[in-house]
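If you want the building blocks of each chain, they are given just below.
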Amino acid sequence: MTVHFLPVRRPPAAGARRLLSRDEFCRRSGVHPELLRRFVALGLVQAVREPGGELWFPLGQLADVARIERLRRGLGLNYAAIGLVCELLDRIQELERQLRERSS
Amino acid sequence: MARDFYEVLGVSRDAGSEEIQQAFRRLARANHPDVNRDPAAEERFKEINEAYQVLSDPEERRKYDRFGENFRKVPDDWEQPVGAGVGGFRGGGRPRTGPASGFTSAGFDDLGGSIDIEDLLGGMFGRGRARAGPIAGADQEVELPLTVEEAFRGGPRQVTLTGTAGPRTYTVTIPPGVTDGQRIRLAGEGGRGVGAGEPGDLYMVARLLPHPRYRVSGRDITVDLPLAPWEAALGGSVPVPTPAGGTKVEVPPGSSTGRRLRLRGQGMPNPRGAPGDLFAEIAIMVPPRPTEAERELFARLAEVSDFDPRRGG
């Protein structure tokens, strides 16, 4: 099975770079570790890999995971589609911001 | 109280199930809290889901058509005693509990029929497609229109948001010199979470209204400074309006239209740094109906002067 990798590029918010352990991230997001692993594989969540192989997750990605789950629950999208939706939403937000800056 | 479900989905009462489904999908996409950050959109999204949950279920829809908004109080076997009249049902039936949440995923099971990773995961994590765990609410945004004077002064301001759950009023403290697009965060006042999920934040986005006199760019303010020809030629101290109430600017002799006089630090205040500057942009005005004496003097000036503004001098 081919899984398309869709990197979500989003400038991290201030303070959002603090890293959480996998267990801590799962506890706070309410996501099962296996599902989190899938998110990483699909490029929906970006993890930092330690030399030992352990994964760490930026605090700011808790909000991303909540958005993923809201889109899934609210619109019935699958996770690959959600990756695309998130990417496009972020891009629109950035474009709207630039547009506002230019017009003012 | 609740709006009519057909009205919510914008369909007629005799709409077919396909039409209802189309209307629901279109509205759900447009009002999803992550697509539309308006707080009103989230309420619409919940309404749409509730309406669709009922109208997409033939049995529930029949009850709704028959009993209107009291349909949830109707027992499941209402069709047998219907001949006895409606009155008998009041309070007699067991109360149906409402949907567990507005974000139900009912009706999506027919989407994306191909086998993919989701189907595998669906079996692994709880029943159906919805995960049981808590989900944090979405952040929301509302625009906060401010006049230049209001943005300059800052201070507390009452903001009322209307919604189906009743109006909510917030007192927002606007920082003096707030810039266009600056976001004021109200923690935990955004979209509601699912289950034990934390609510999102509500952001008030400052929007500077166009002003007849001031043009604001970042923290710098530009204001037109109309001058009589002799003021521009001879220079002098001239009053200039500012959002703080006005000040005086020293016009250097020989200033032509378009020259910008900078008043350092007289622009928008900045709580965390240097304030912006105020620019007075000179615009020379002439008397529209000169008196005889003025006309004479201008004519005299034209005779005496060899100044030619079109010769770059």
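Note that this is a predicted model, so its numbers are computed, not measured. (Residues numbered from 1 in each chain as written. Chains lettered and ligands numbered in written order. Predicted model: local features only at pLDDT ≥ 70, side-chain atom pairs only at ≥ 80, totals over all residues.)

1. A word on the overall build of chain B
- Counting its secondary structure elements, chain B contains eight helices and eleven strands.
- Every one of the 313 residues in chain B was classed for burial, and the buried ones make up 23%.
- Long-range contacts, defined here as pairs at least 24 residues apart, represent 55% of the contacts in chain B between residues at least 6 apart. (Helix = DSSP H or I, 4+ residues; strand = E, 2+ residues; numbered from the N terminus. Buried ≥ 20, exposed ≤ 12 C-beta atoms within 10 Å, placed from the backbone. Contact = placed C-beta atoms within 7 Å.)

2. Structural notes on the sheet that holds strand 6 (residues 214-217) of chain B
All names here are of chain B.
- One open sheet accounts for four strands, arranged 6-7-11-10; its pairing is mixed. Each end of this open sheet is capped by a strand with a single partner; those strands are strand 6 and strand 10 (260-263). The average undirected angle you get between the axes of adjacent strands in this sheet is 30°. (Pairing = 2+ DSSP bridges. Axes fitted to C-alpha atoms, helices over the stretch in contact; angles between N-to-C directions.)

3. Considering helix 8 (residues 292-304) of chain B
- With 13 residues, helix 8 of chain B should reach 18 Å at 1.5 Å per residue; the first-to-last C-alpha distance of 18 Å fits that figure.
- For helix 8 of chain B, a buried count of zero out of 13 residues is recorded, marking the element as mostly open to its surroundings. (Expected span 1.5 Å × (residues − 1).)

4. Looking at the packing of helix 2 (residues 17-31) of chain B against helix 3 (residues 39-55) of chain B
All names here are of chain B.
- Direction vectors running N to C along helix 2 and helix 3 enclose 160°, while the axes themselves pass 9 Å from each other. Between helix 2 and helix 3, the angle falls in the class roughly antiparallel. The way helix 2 lies across helix 3 gives a crossing that is left-handed. Taken together, the residues of helix 3 that come into contact with helix 2 (itself represented by I20, F24, L27, A28 and N31) are A41, R44, F45, I48, Y52 and L55. (Parallel < 35°, antiparallel > 145°, perpendicular 65-115°, else oblique. Left-handed = near helix turned anticlockwise from the far one by under 90°.)

5. A closer look at the confidence of the model for chain A
- Taken residue by residue, chain A gives an average pLDDT of 83. The fraction at 70 or more is 83%.
- Predicted confidence for residues 1-9 of chain A stays below pLDDT 50, and this span has 16 contacts to residues more than four positions away or in other chains. (pLDDT = per-residue confidence, 0-100.)

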